[in-house]
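Architecture at a glance
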Amino acid sequence: MRVVFFAVPEDENARPKSDADEESEGAAWVSMADLEDMASQRPPLGLRGKELFKWASYLEAGGAVFPLSLLQEESDGPRPALAAAGMRAGKEPLPAFGPGRGGEEVRSAQGSAYH
């Protein structure tokens, strides 16, 4: 299983990592168009793989980002946060927020029933 964490810098003017190390040559803020161009090239001008571009595209398209509270110890069993995220046994996940499949509003289990 892979877990991908989404974060936003506390300071939007913060500079990305610029020194090379064993993990990367550095980092940069780029547009989606630039990222797409980089995904089609090989390093050192391009990305090592297309995964970063795929995740950025997912987020740009409004993909759901779930709270860290969904992560827990394996032996703990389900937390109420799972219900708030719209998970139902034997069903596909509902959207984390916004309209449901039929246009009805989807809210957390604490607010109202799912449709």
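Refer to the structure presented above.
So, here is what we can say about the structure in this document. (Residues numbered from 1 in each chain as written. Predicted model: local features only at pLDDT ≥ 70, side-chain atom pairs only at ≥ 80, totals over all residues. Heavy atoms only, no water.)

Moving on, we come to the nonpolar core. With five residues, the main nonpolar core is built from L35, A39, L47, F53 and A56. Not counting chain neighbours up to four residues away, the residues in contact with A56 comprise M32 and L35. (Core = buried A, V, L, I, M, F, W, Y, C linked by side-chain atoms within 4.5 Å. Buried < 20%, exposed > 50% of the residue type's maximum accessible area, 1.4 Å probe, protein only. Contact = heavy atoms within 4.5 Å.)

With that settled, the discussion passes to the side chain of S24. Within the secondary structure, S24 sits in the segment before α1 (32–39). A distance of 2.9 Å separates polar atoms of two side chains, one belonging to S24 and the other to K17. Not counting residues up to four positions away in its chain, the partners in contact with S24 are K17 and D19. (Helix = DSSP H or I, 4+ residues; strand = E, 2+ residues; numbered from the N terminus. Polar contact = N/O pair within 3.5 Å; in protein donor to acceptor, adjacent residues only side chain to side chain.)

Further remarks concern the pattern of salt bridges. The full count for this structure, using the stated rule, is one salt bridge. Salt-bridge contacts for D21 lead to K17; the nearest nitrogen and oxygen are separated by 2.8 Å. In this structure D21 comes out as partly exposed when scored by relative accessible area, which is 36%. (Salt bridge = Lys/Arg side-chain N within 4 Å of Asp/Glu carboxyl O.)

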